[in-house]
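# A look at the structure
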Amino acid sequence: MNSEAKVNPQQVSNTFLNKRLLYHTPLPIFIAFSLIALIAVYTDNLPSGLIGALFIMIVLGEILGKLGDHTPIIRSYLGGGAIVTIFVSSFLVYADLLPENTIAVVDTFMADGGFLNFYIAALITGSILGMNSKLLVQAGARYFVPIIGAVVAAGALAGIIGFFIGFGLVDAMTIIALPIMGGGLGAGAVPMAQVFSDFLGNDPSYYMSLLVPALALGNVMAIIAASLLNLLGKKRPSLTGNGQLMKDFNYEQPVPKNMT
């Protein structure tokens, strides 16, 4: 009896095609959707609201993400697709390579429509609710002090550096440290700009112009640092938990009961 498993030609064909999936969609279909999206954008026919915004964001995000994830050096040391998506999409807006209508559709959907706040809330709550309750309690008790300490240390360090370089201790903490640690754009910069406007006057857009550059650079540095730490963890496995949040914590996945 032949010990080698027989190869099913259909399985080989499916594997061949699966390697050419983009956004879980066969490549020819994704290209067709991309062409439709680009035609809609540059003929000023992109629908407003959720449909148009998600359509162009998915197409551009997936294309730029794939490019970044397959570009040497960038994928290994600079955050891969996340960095490429941030910078290239920003350049498209800065260089006026995207029509004003498309930019307005995306801005309205993300900011005025509250999708960014919804995404942040869903991401945080989904992550917490997806964790084992025992692990969450034990890890939370141990991580509380280091997290609070890290926040205080980061704010103090930003203030001290700002003081010595002439930027100002208070300005460094309020313009750089607080928006970044407060939750990024949706949960940090946007509400802080409104608070500054209420107390200090001026339009919120003025304060957004001060907060966003530091916030964007902070996000980029965080992505790069995470990539470097990931590489360090792969080279020195003893420094990482290899997916385990706590050492010597064994969690058995519950077996779902059969529905009759």
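In this text the structure is predicted, and so the values were computed from the model without any measurement. Numbering of residues starts from 1 in each chain and follows the order in which that chain's sequence is written. Given that the model is predicted, a residue must reach a pLDDT of at least 70 before its local features are reported, and side-chain atom pairs must reach 80 or more before they are shown or counted; all residues, however, enter totals for whole chains, interfaces and linings. The side-chain figures draw on all heavy atoms in the structure; neither hydrogens nor water molecules are used.

### Some thoughts on the overall build of the chain
Starting at the N terminus, helices and strands are each numbered in turn, a helix being any DSSP run of H or I of at least four residues and a strand any DSSP run of E of at least two. When you go through the chain residue by residue, the secondary structure sums to eleven helices and two strands. For the chain, the sequential pattern of α-helices and β-strands runs α-β-β-α-α-α-α-α-α-α-α-α-α. Think of it in three bands: residues with accessible area under 20% of the maximum for their type are buried, residues over 50% are exposed, and the middle band is partly exposed, with areas taken using a 1.4 Å probe on protein chains only. Expressed as a percentage of its 260 residues, the buried residues of the chain come to 22%. Taking as baseline every contact in the chain between residues at least 6 positions apart, the subset at least 24 positions apart corresponds to 55%. The accessible surface values rely on the Shrake-Rupley method and a 1.4 Å probe; as for residues, cover is taken only from the protein chains in view. Carbon together with sulfur atoms contributes 68% to the accessible area of the chain, which is approximately 18500 Å² in total. By the convention used here, residues are in contact when the closest approach between their heavy atoms is within 4.5 Å.

### Concerning the packing of aromatic side chains
Aromatic rings from Phe, Tyr and Trp, with only the six-membered ring used for Trp, were paired whenever their centres fell within 6.5 Å, and each pair was classed as stacked if the ring planes differed by under 30 degrees, edge-to-face if by over 60, and tilted otherwise. Throughout the structure, instances matching the rule amount to three aromatic pairs. Ring centres 5.4 Å apart and planes at 80° place the aromatic pair Phe163 and Phe164 in the edge-to-face group. Taken individually, Phe163 and Phe164 each receive the classification exposed, so the pair is uniform in this respect. Members of the aromatic cluster, connected to one another through ring pairs, are Phe109, Phe115 and Phe118.

### A few points about the nonpolar core
One broad rule of soluble globular proteins: the nonpolar side chains tend to lie buried together. Listed in full, the twelve residues of the largest apolar core are Ala37, Ala40, Val41, Leu46, Ala53, Ile56, Val59, Leu92, Leu98, Ile103, Val105 and Phe109. Setting aside residues no more than four positions away along its own chain, Phe109 makes contact with Gly49, Leu50, Ala53, Leu54, Met57, Gly114 and Phe115. Working definition of a nonpolar core: buried Ala, Val, Leu, Ile, Met, Phe, Trp, Tyr and Cys residues. They are joined through side-chain atoms within 4.5 Å. Among the nonpolar cores identified, the runner-up in size contains eight residues, and Ala189, Met192, Ala193 and Leu211 belong to it.

### Section: the packing of helix H2 (residues 27-42) against helix H3 (residues 49-69)
What counts as an axis is a line fitted to C-alpha atoms, over the stretch in contact for a helix, and the angles between N-to-C directions run from 0 to 180 degrees. Where H2 contacts H3, the axes come no closer than 10 Å and their chain directions differ by 125°. Taken together, the axes of H2 and H3 are oblique relative to one another. For the pair H2 and H3, the sense of crossing is left-handed. Within the contact between the two elements, H2 uses Phe30, Phe33, Ser34, Ile36, Ala37 and Val41 and H3 uses Phe55, Ile56, Val59, Glu62 and Ile63. Each residue receives one of three labels: charged for Asp, Glu, Lys and Arg, nonpolar for Ala, Val, Leu, Ile, Met, Phe, Trp, Tyr, Cys and Pro, and polar for the others, Gly being one of them. Among the residues making up the contact of H2 with H3, the classes are represented as nine nonpolar, one polar and one charged. Oblique is the label for any angle not under 35 degrees, not over 145, and not in the 65 to 115 range, which are roughly parallel, roughly antiparallel and roughly perpendicular in turn. Two helices crossing with the near one rotated counterclockwise from the far one by less than a right angle form a left-handed crossing, whereas a clockwise rotation gives a right-handed crossing.

### A look at unusual backbone geometry
The phi dihedral of Ile73 is positive, around 70°, even though this residue is not glycine. Unusually for a residue other than glycine, Asp96 sits at a positive phi of about 60°. Following the sequence through the fold, Asp96 ends up in the loop between helix H5 (81-94) and helix H6 (100-112).

### A word on the side chain of Ser34
For Ser34, the position within the fold is in helix H2. The term polar contact refers here to a pair of N or O atoms within 3.5 Å; inside protein, the definition further demands a hydrogen-donor-capable atom paired with an acceptor-capable atom, and it admits residues adjacent in sequence only when both atoms are side-chain atoms. At a separation of 2.8 Å, a polar atom in the side chain of Ser34 contacts the main-chain carbonyl oxygen of Phe30. Leave out the neighbours within four places in its chain, and Ser34 touches Val59 and Ile63.

### Here's the deal with H3
For H3, built from 21 residues, the straight-helix expectation of 30 Å at 1.5 Å per residue is met to within 8% by its first-to-last C-alpha distance of 29 Å. For H3, the set of buried residues is Gly52, Ala53, Ile56, Val59, Glu62, Leu64, Gly65 and Gly68. Residue count minus one, scaled by 1.5 Å, sets the expected span of a helix.

### Brief notes about the environment of Val170
Relative to the helices and strands, Val170 resides in helix H9 (residues 169-181). Here the alpha-carbon distance between Val170 and Ala156, two residues 14 residues apart in the chain, equals 10.0 Å.

### Concerning the environment of Thr240
With respect to the helices and strands, Thr240 occurs in the segment after helix H11 (204-235). Judged by its relative accessible area of 34%, Thr240 is partly exposed.

### Some remarks on the confidence of the model for the chain
The predicted model of the chain has a mean per-residue pLDDT of 78, with 82% of residues at 70 or higher. When mean pLDDT is taken per element in the chain, H2 scores highest with 89 and helix H1 (residues 9-18) scores lowest with 48. Known as pLDDT, the predictor's per-residue confidence is scaled from 0 to 100. For residues 9-13, every residue scores under 50 in pLDDT, and the model assigns this stretch one contact once sequence neighbours within four places are set aside.

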